[in-house]
Amino acid sequence: MELSNVTVDGVAQNVAVTTVGGKSNDTENKANGTKSTENNKLLYGINDNPPWYLSIFLAFQHYLTMIGAIVSIPFILTPALCMSDEDPNRGIIISTMIFVTGIVTYFQATWGVRLPIVQGGTISFLVPTLAILALPQWKCPPETEIEAMDDDSKQELWQIRMRELSGAIAVSAMVQVILGYTGLVGKILRFVTPLTIVPTVSLVGLTLFEHAAETASKHWGIAVGTTAMLTLFSQIMSNVAIPVPAYRKGHGIEFRPFLLFRLFPVLLTIMIMWGLCGILTLTDVFEEGHPSRTDVRLKVLTNAKWFYVPYPGQFGVPSVTLSGVLGMLAGVLACTVESLSYYPTVSQMSGAQSPPLHAINRGIGTEGLGTVLAGLWGAGNGTNTFGENVGAIGVTKIGSRRVIQWAAFIMILQGVIGKFGAVFILIPDSVVGGIFCVMFGMIVAFGLSTLQYVDLRSARNLYILGLSIFFPMVLCKWIQEHPTAIQTGNETVDSTLTVLLGTTILVGGLLGCFLDNVIPGTAKERGLVDWANEMPLGDDNINDGTATDYDFPYGMETLRRWKWTYYVPFLPTYKLQKQS
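What you see is a predicted model, and the numbers here were worked out from it, not measured in a lab. (Residues numbered from 1 in each chain as written. Predicted model: local features only at pLDDT ≥ 70, side-chain atom pairs only at ≥ 80, totals over all residues. Heavy atoms only, no water.)

In this section: the overall build of the chain. Regarding its fold elements, the chain presents 27 helices and 8 strands. Buried residues in the chain amount to 55% of all 580 residues. Pairs at least 24 residues apart make up 78% of the contacts formed inside the chain by residues separated by at least 6 positions. Approximately 24,800 Å² of the chain is accessible, and the part contributed by carbon and sulfur atoms is 64%. (Helix = DSSP H or I, 4+ residues; strand = E, 2+ residues; numbered from the N terminus. Buried < 20%, exposed > 50% of the residue type's maximum accessible area, 1.4 Å probe, protein only. Contact = heavy atoms within 4.5 Å. Areas by Shrake-Rupley, 256 points an atom, 1.4 Å probe, with all protein chains shown as cover.)

A word on the confidence of the model for the chain. Confidence in the prediction for the chain averages 80 pLDDT; 87% of positions are at 70 or higher. Taken together, the stretch residues 1-40 has pLDDT below 50 and engages in 75 contacts with residues farther than four places along the chain or on a different chain. (pLDDT = per-residue confidence, 0-100.)

A word on the packing of aromatic side chains. In total, this model carries 9 aromatic pairs according to the counting rule given. When the ring of W111 is compared with that of Y554, the centres are 6.2 Å apart and the planes differ by 40 degrees; the resulting orientation is tilted. Linking W111 in the loop between α5 (89-110) and β5 (119-120) with Y554 in the loop between α26 (528-534) and α27 (556-561), this pair joins segments that are 443 residues apart in sequence. Among the aromatic residues, those joined into a ring-pair cluster are W111, F552 and Y554. (Phe/Tyr/Trp six-rings, centres within 6.5 Å; stacked < 30°, edge-to-face > 60°.)

With that out of the way, let us pick up unusual backbone geometry. A positive phi angle is found at R114, which is not glycine, with a value near 65 degrees. For R114, a relative accessible area of 7% translates into the label buried. Positioned with a positive phi, D284 is a non-glycine residue whose angle comes to about 60 degrees. Relative to the assigned elements, D284 resides in the loop between α14 (265-282) and α15 (298-303).

Turning next to the packing of helix α12 (residues 220-236) against helix α21 (residues 429-448). At a closest axis distance of 7 Å, the pairing of α12 and α21 adopts a crossing angle of 45 degrees. Regarding the angle of α12 to α21, the classification is oblique. By crossing handedness, the relation of α12 to α21 is classed as right-handed. Of the residues in α21, those touching α12 at I222, A223, T226, T227 and L230 are S430, V431, G434, I435, C437 and V438. (Axes fitted to C-alpha atoms, helices over the stretch in contact; angles between N-to-C directions. Parallel < 35°, antiparallel > 145°, perpendicular 65-115°, else oblique. Left-handed = near helix turned anticlockwise from the far one by under 90°.)

Okay, here's the thing in structure tokens:
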């Protein structure tokens, strides 16, 4: 790291220059419009390539950051699929999620939006998933009836539901593919205002509170302890540095400060509380069969395969129904809005240029393509930008694209190790419930944080906000408790309306969008002025033919020679003809 004098907007500034292998990347980044305010804090920028051994360590850190969130999804999904806690196929579902996450993450970072982001399973898809599985035809039979089934019948019981979800996810995600690769996303988002985003995102966490309560209630002491410890590590002790030994050439072994609690609060919390449950199991404080015992699902680990390569259609050919597709579309739209809000943030954190329109189009299209693959593979979930990993970039100051590519490789490798996925099923439910209380709460907070752009002194805005959050919780709860209430005489129409009106994020998002675009209000009052500054969706900011952070790794010279590529909205040469 060295200081260099550069000129930004006509003002000479001293900024820190990141050097790798004796070569500085700062000059090139400045020429391309990189944000100096972030670059002078980065250890590695978006185009920097740390040594391979360091890249692997940093990649494993990203892997550990996302693994806590991704393994929590099956704890809600598999019971709704009528799958028993001891079913080893729960481990296969986790492995499939990790495997697909690796594939989509690599493609997104290399050929998609080309920002250092991780794509993986998302809780946003659980809301429409639970609405679909609440339909009369998909509700689980009584526990006594399931126990009386043979193994083949039990397997078909959950696989037929997984096939329904797989088809709904894959087909609905094609909408996201079309929105991205055709460039329609920029036009549609002009109607997606902050008062649309708030109910859409916050209702994801609010809707799942019953599942958090059910899981935590397996042992409130462990659940509350988990929440308290996670709060201690992530908030109170986040700046506490732990001295760790490190070797430096010419100096030998020396101790360096390491922000352990800031980097791995979730992992540390799970390990400690899991260990505490293990001690309480060994001492028989938890009696035999107690849901917080660490050996209650040991059969899952012993029956899991050592190596298993997930493949498309592994649970059967996906089925497609109108109600399932339209219901799952709510999750697709919610993920689209959420990912779009992350792109400018990640570009600043990694020292990259502001994302141009072609990169945004490509990122959303690639995310949709990843969700299609997740559906076909039978992950039971879609893909979305991981907020946890976005935060990790801000904490570690490592914005290298190469690190994320290494992380994707680790995910693919771990996805084929069957025992690895099964290990996470052994985490006691009460520990997971404590994590849920924090995780779902953070999702609510992330949605509400968008209110910073709107005028909260406006009675108009408060009316829209209150109605678009409270009314969906009332309506959708009633619909889910009375799934046969809608009787039009057509079973397909009944199922479709039941799913749509039972999905809170869809009802809340549409209601907020409709009211905000219909009720009169100034642009400043609605938050459109500040939101436009945060999320610019205009023409590409760099179109002079020079290399940018969002160019493809190969083939750019050929693309620039082909004039027709200037009209393709997801190619880096898009709209180049305007300055020709």
